[in-house]
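Chain and residue survey
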Amino acid sequence: MLETNLERIRHNLETLSTFNSTPDHGCTRLSFSHEHRRALDFLTEACTSLGMDVVIDPVGNFRAKLKGSSLSAPAVMCGSHIDTVLHGGKFDGAAGVVAALEALTVIKEQEVSLRHPLELIAFVEEEGASFGGGLVGSKALVGQYTVKDLMKIVNDEGVSFYEAAKRFGLNPDDLENYVIKKGDVKALIELHIEQGNVLYTKSIPLGVVEAIVGIRQLSVTLTGMANHAGTTPMNLRHDALAAASKLISFVEHCARHEAFDTTVATVGKIHCFPNVTNVIPGKVVFSVDIRDIKDEGISKVEQLIREEVKRISSEYGLQYSISLVGDSKPVKLSEEVISVIQRTAEEVGVKYLKMHSGAGHDSAILTEVTDVGMIFVPSIEGISHAPDENTTFEDLKTGCDVLVNSLVKLAQ
C-alpha cells in the first residue's frame, strides 16, 4: 500500500492558503483574480516538476496529466476546485486539489507503472462567489454550458464570465475543443472536506459518498415604489422589503414543513434599494438556494415559493420576476468506484461511513460522462464556508492514503 507524506500535504495546503485577498478575515480566492493566478502558477510549477503535461482550458480549469503505459487508454481523474467563497476557509476545494497533487507525487516517486494516465483537475468557479450559479467550470467541461451561455453569466459588476475569462488571458471561444465526452475519462475521484458534522460527531475519519444533492438557485426581484418613510401612510405603501421579509420566512417554512426531511432552503443574499433609513424600499433582490437528494423535494419547494411570490406581490402591489440562476440534479455516484474506495479503506485499515453529500460538487456534473466517487474527510465542528473551517492534517492524510491507492486500482 502506498502512503502519502503528511508534511508535504500540510506545506502544499498552507501554501495555497497564502493566495488570499482577505488574509485577516478568512480565505478569499475568487475566479480570475490575482490570487487565482498565483494558485495556478503554483500548481503549474508543482505539476511540471513531476513531468506532467499541464493545460489551462478556455474557461480556466487547470488540468495536468501523468502519462500511463497506454497511449490510448482514458485517464483516471482526481481533484477538486481552488476558488473559495468570500471569507471562507482554506480547506474547501483546496484540500481535494492538494490530495490529488500528493497522490500523483507519490505514484511518480514510487515509479508505479499504470496503464491509464492520471489527471489532476482544479475546476474553476465551483462556488459561484463571483458569478452566482456555481459549478461553471465542470458544466463547461461536459458541454452543459456553451460559449453563448458563458456570455450570459454575469457578475455583480455586469462583467460576463466570457469577458472575465478573456481578460484573464484565456480563449473561451475555443471551449468546444476541450469538452469531454463519455469514454474520454475512465473515472473521477474527488476528495473533499465533509462541510458537515456527521463524521466529526461520530469520530469516523472517512466518508464514502453515495449521492450528491441537487441544487436549484433562484433570484427573486420585487419592485414597488420608493417613498418618504414619514409622510406615506401604511395603506398607501408598496414596500418591497416588507414583502420580501414575508417571503424569506416562507422559504424557511417550506423547507421545514412542506417537503422532505432531506430538503433544505436558504436565503443567503439580499440587496435592498435605495437602502436608506428614511426611505421606503422600492426594490429588493434576494437569492433562494434549494437542495435535496430528491428532485421532487426541490421542485415542490420551488413551486410553492413561486406561488407565494405571486400572492405576496399582489397583496403589496408589487411587480416581480424570478430567474433561475443555477440548477444541478441530485445524482447517485458509481457503485464500482464506491466499491473501490471501500475496499481500499478496508485494506488501509480505516473506519468509514457511507453517506450523502449535502453540498454540491463538480463531481455531480461529471457523472454525465464518467464513473464518479467521492471521499470525505471530517470538518471540525462541521464548520465550513467560514474562517473557522478546519480539518486535521492527520485526517486529510488518511483521505490521501485512501485516494492514492484507489487511483492505482482504477488505473491499472
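Structure first, text after, so check above.
Summary of the structure given here. (Residues numbered from 1 in each chain as written. Predicted model: local features only at pLDDT ≥ 70, side-chain atom pairs only at ≥ 80, totals over all residues. Heavy atoms only, no water.)

Some remarks on the overall build of the protein chain
Counting its regular elements, the protein chain contains 12 helices and 16 strands. For 412 residues, the compact-globule estimate of 2.2 N^0.38 gives 22 Å, and the C-alpha radius of gyration of the protein chain, at 22 Å, lies within 12% of that figure. Overall, the C-alpha framework of the protein chain stretches about 80 × 45 × 40 Å when taken along its three principal axes. By the burial criterion, 56% of the 412 residues in the protein chain qualify as buried. Intrachain contacts of the protein chain at a sequence separation of at least 6 include 78% that bridge at least 24 residues. Carbon and sulfur atoms form 48% of the exposed surface of the protein chain, whose accessible area is close to 17700 Å². Across the protein chain, the mean location of the 39 positive side-chain charges is 4 Å away from that of the 55 negative side-chain charges. (Helix = DSSP H or I, 4+ residues; strand = E, 2+ residues; numbered from the N terminus. Rg over C-alpha atoms; globule rule 2.2 N^0.38 Å. Buried < 20%, exposed > 50% of the residue type's maximum accessible area, 1.4 Å probe, protein only. Contact = heavy atoms within 4.5 Å. Areas by Shrake-Rupley, 256 points an atom, 1.4 Å probe, with all protein chains shown as cover. Lys, Arg positive; Asp, Glu negative; His and termini not counted. Charge placed at Lys NZ, Arg CZ, Asp CG, Glu CD.)

Considerations on the pairing of strand β5 (residues 185–193)
For β5, the tally of buried residues reaches eight of nine residues, placing the bulk of the element in the interior. The pairing of strand β3 (residues 75–81) with β5 spans four bridges and is classified as parallel. Directly across from Ala-75, in β5, lies its bridge partner Val-185. Here β5 runs beside strand β16 (residues 371–377); their pairing, made up of seven bridges, is parallel. Each residue of the ladder has a partner; that of Ala-187, found in β16, is Asp-371. (Pairing = 2+ DSSP bridges.)

Overview of the pairing of β3
Within β3, seven of the seven residues are buried, leaving the element largely enclosed by the surrounding structure. As paired elements, β3 and strand β4 (residues 118–123) share six bridges and run parallel to each other. Bridged to Cys-78 within β4 is Leu-120. With helix α3 (residues 94–109) bridging β3 and its parallel neighbour β4, the resulting β-α-β unit is right-handed. (Right-handed = clockwise from strand over helix to strand, strands pointing away.)

Thoughts on empty space enclosed by the protein
By rolling a water-sized probe across the atoms, one finds the places where empty space is left. Counting across every chain of the model gives one cavity of 30 Å³ or more. As a volume, the largest cavity reaches approximately 30 Å³. The wall of the largest cavity is formed by Thr-84, Val-85, Gly-88, Gly-89, Asp-92, Glu-127, His-385 and Glu-389. Residue composition of the lining of the largest cavity, grouped by class: one nonpolar, four polar and three charged. (1 Å grid on protein atoms, 1.4 Å probe; cavity = no way out; pocket = protein on both sides within 12 Å on 5 of 7 lines; lining within 4 Å. Points joined across faces, edges and corners; volume = space filled by probe spheres on them. Nonpolar A, V, L, I, M, F, W, Y, C, P; charged D, E, K, R; others polar.)

Details of the packing of helix α10 (residues 335–348) against helix α12 (residues 393–411)
Direction vectors running N to C along α10 and α12 enclose 125°, while the axes themselves pass 9 Å from each other. Here α10 is positioned oblique relative to α12, judged by the angle of their axes. Viewed along their axes, α10 and α12 form a crossing whose handedness is right-handed. Taken together, the residues of α12 that come into contact with α10 (itself represented by Val-337, Val-340, Ile-341, Arg-343, Thr-344, Ala-345, Glu-347 and Val-348) are Val-402, Asn-405, Ser-406, Lys-409 and Leu-410. Partitioning the contact of α10 with α12 into residue classes produces seven nonpolar, three polar and three charged. (Axes fitted to C-alpha atoms, helices over the stretch in contact; angles between N-to-C directions. Parallel < 35°, antiparallel > 145°, perpendicular 65-115°, else oblique. Left-handed = near helix turned anticlockwise from the far one by under 90°.)

Digging into the side chain of Glu-127
With respect to the helices, strands and loops of the structure, Glu-127 is situated in the loop between β4 and α4 (136–141). Despite its burial, Glu-127 pairs with no opposite charge, the nearest such side chain being Arg-291 at 7.0 Å. At 3.3 Å, the side chain of Glu-127 and the side chain of His-385 are in polar contact. (Salt bridge = Lys/Arg side-chain N within 4 Å of Asp/Glu carboxyl O. Polar contact = N/O pair within 3.5 Å; in protein donor to acceptor, adjacent residues only side chain to side chain.)

Some words on the packing of α3 against α12
Look at α3 against α12: their axes get within 9 Å of each other, and the N-to-C directions meet at 55°. One way to sum up the angle between α3 and α12 is to call them oblique. The handedness of the crossing between α3 and α12 comes out as right-handed. Here Ala-95, Ala-99, Ala-100, Ala-103, Leu-104, Val-106 and Ile-107 of α3 come into contact with α12, specifically with Leu-396, Cys-400, Leu-403, Val-404, Leu-407 and Val-408. Split by residue class, the contact of α3 with α12 holds 13 nonpolar, no polar and no charged.

Section: the environment of Lys-283
Relative to the helices and strands, Lys-283 resides in strand β12 (residues 283–292). A relative accessible area of 35% places Lys-283 in the partly exposed class. Once the C-alpha coordinates of Lys-283 and Lys-354 are considered, the two residues, 71 residues apart in sequence, prove to be 45 Å apart.

Quick look at the packing of aromatic side chains
Under the definition given, this model contains six aromatic pairs. Arranged with centres 6.5 Å apart and planes meeting at 70°, the rings of Phe-32 and Phe-131 form a pair that is edge-to-face. With Phe-32 in the loop between α1 (6–17) and α2 (34–48) and Phe-131 in the loop between β4 and α4, the pair connects residues that are 99 residues apart, well separated along the chain. The two residues Phe-32 and Phe-131 agree in class, both being buried. Pairing Phe-131 with Phe-161 gives two aromatic rings, centres 5.2 Å apart and planes at 65°, and the pair type is edge-to-face. One end of the pair, Phe-131, is in the loop between β4 and α4; the other, Phe-161, is in helix α6 (residues 161–167), with 30 residues separating them in the sequence. (Phe/Tyr/Trp six-rings, centres within 6.5 Å; stacked < 30°, edge-to-face > 60°.)

Regarding α1
In a regular helix each residue adds 1.5 Å, so 12 residues correspond to 16 Å; α1 covers 17 Å between its end C-alpha atoms and thus fits that length. When we look at burial in α1, the residues that qualify are Ile-9, Asn-12, Leu-13, Thr-15, Leu-16 and Ser-17. Packing partners of the buried residues in α1 comprise α2, α3 and α12. (Expected span 1.5 Å × (residues − 1).)

Brief notes about unusual backbone geometry
The omega angle of the peptide bond from Phe-273 to Pro-274 is 5°, so this bond is cis rather than trans. By secondary structure assignment, the location of Pro-274 is in the loop between β10 (270–273) and β11 (279–280). Although it is not a glycine, His-87 adopts a positive phi angle of roughly 55°. Its place among the elements puts His-87 in the loop between β3 and α3. For Gln-195, which is not a glycine, the phi torsion comes out positive at approximately 70°.

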